[in-house]
Each structure stands twice: as C-alpha cells, then as structure tokens.
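# Working through the structure, step by step
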Amino acid sequence: AECEHDNKTIPTLLLQDKNHEKENEDSGNAPSLPKTVKIVKPDLTKYNPRIGIGSIAWSSESEYFATRNDNMPHTVWIWSPTHRKPVAVLEFETRVFSFKWDPARPTLAIAIGT
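None of these values were measured; they are calculated from a predicted model.

### What about the overall build of the protein?
For the protein, the count of helices and strands is 0 helices and 7 strands. Listing every helix and strand of the protein by position from the N terminus yields β-β-β-β-β-β-β. Looking at the protein residue by residue over its 114 residues, the buried ones come to 35%. For the protein, contacts bridging at least 24 residues in sequence account for 42% of all contacts bridging at least 6.

### Quick look at unusual backbone geometry
Positive phi values are uncommon outside glycine, yet Ser-62 reaches one of about 60°. Mapped onto the elements of the fold, Ser-62 is located in the loop between strand 2 (53-58) and strand 3 (65-69). With a relative accessible area of 42%, Ser-62 lands in the partly exposed category. Positive phi, close to 55°, is recorded for Arg-84, a residue that is not glycine. Considering the arrangement of structural elements, one finds Arg-84 in the loop between strand 4 (75-80) and strand 5 (85-91).

### Topic: a nonpolar patch on the surface
Residues Ile-53, Ile-56 and Trp-58 make up a contiguous nonpolar surface patch of about 330 Å² in total accessible area. Along the chain, the position of Ile-53 falls in strand 2.

### So, the pairing of strand 2
Sheet faces and side chains relate simply in a regular strand, where the side chains alternate between the two faces. Examined bridge by bridge, strand 2 and strand 3 share 5 bridges and lie antiparallel to one another. Among the inter-strand pairings, Trp-58 is bridged to a residue of strand 3, identified as Phe-65. The turn linking strand 2 back onto strand 3 is made up of 6 residues, and Ser-62 within it adopts a positive phi angle of 60°.

### Side note on the nonpolar core
With 13 residues, the main nonpolar core has Ala-66, Val-76, Ile-78, Phe-99, Trp-101 and Leu-108 as its most contacted residues. Only strand 4, strand 5 and strand 6 (95-101) provide two or more residues apiece to this core. When neighbours within four sequence positions are excluded, Leu-108 is seen to be in contact with Ala-66, Val-76, Ile-78, Phe-99, Lys-100 and Trp-101.

About the cut-offs
Residues numbered from 1 in each chain as written. Predicted model: local features only at pLDDT ≥ 70, side-chain atom pairs only at ≥ 80, totals over all residues. Heavy atoms only, no water. Helix = DSSP H or I, 4+ residues; strand = E, 2+ residues; numbered from the N terminus. Buried < 20%, exposed > 50% of the residue type's maximum accessible area, 1.4 Å probe, protein only. Contact = heavy atoms within 4.5 Å. Patch = residues over 30% accessible without salt bridge, like charges linked within 9 Å, V, L, I, M, F, W, Y side chains within 5 Å. Areas by Shrake-Rupley, 256 points an atom, 1.4 Å probe, with all protein chains shown as cover. Salt bridge = Lys/Arg side-chain N within 4 Å of Asp/Glu carboxyl O. Pairing = 2+ DSSP bridges. Core = buried A, V, L, I, M, F, W, Y, C linked by side-chain atoms within 4.5 Å.

What follows is the structure, encoded as structure tokens:
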C-alpha cells in the first residue's frame, strides 16, 4: 500500500551527486550546494550547547552513511565514505528526529516532526 504524505514530509533535494560511483573520480572535493541550508545558531548561554554532528547511521553494507548536524536540524546528509563527499542532501520543512538504514537494502527511513 502506498503511503500518503503532505508537502511538509517531502524533502527538498539540495544535492544529488550522480557521479559519485565513478572509480576514477577521487578528487575529494564535495560538489557545491545549489542553495543555502537552514542553520540554527546554538544557544551558547546553555551549559552544554548542541553543536556538530548529533546523529550518524551507517548503511548495512557500509556503502553510505547519513548524518544530521545539530546546527542544521532540518537536513540529512548522505555520504560516500569511499569518495569522502556527500552524494545527497535532503532538507525538510520540520526537524529531523531520527533516521535508520534498512538492514537489507540501501534505503533510509527518516522520522521528522515539529
């Protein structure tokens, strides 16, 4: 059965690097994003402000890993560790709470909300 989603649950694809699988392309330079990612400034008055990578998950075959930076809570970055650069950047209207890779295939489930 198909799942129905409203527009707030569909991410904006900020980057998709279709050339990341080319073996001879190992420059290590990340492709530039076509627009600016939403950034949240940390509250530096708090004892231990949330700064940096707050979540990370590896795919079952370690072909990819996904990250969420605490200063960019609406964005999930999908990386290729072999090529040391992001292959996709997904931005949502609401905060990303968690994500987890499917254990059998390279599919990422993402939980978002307000």
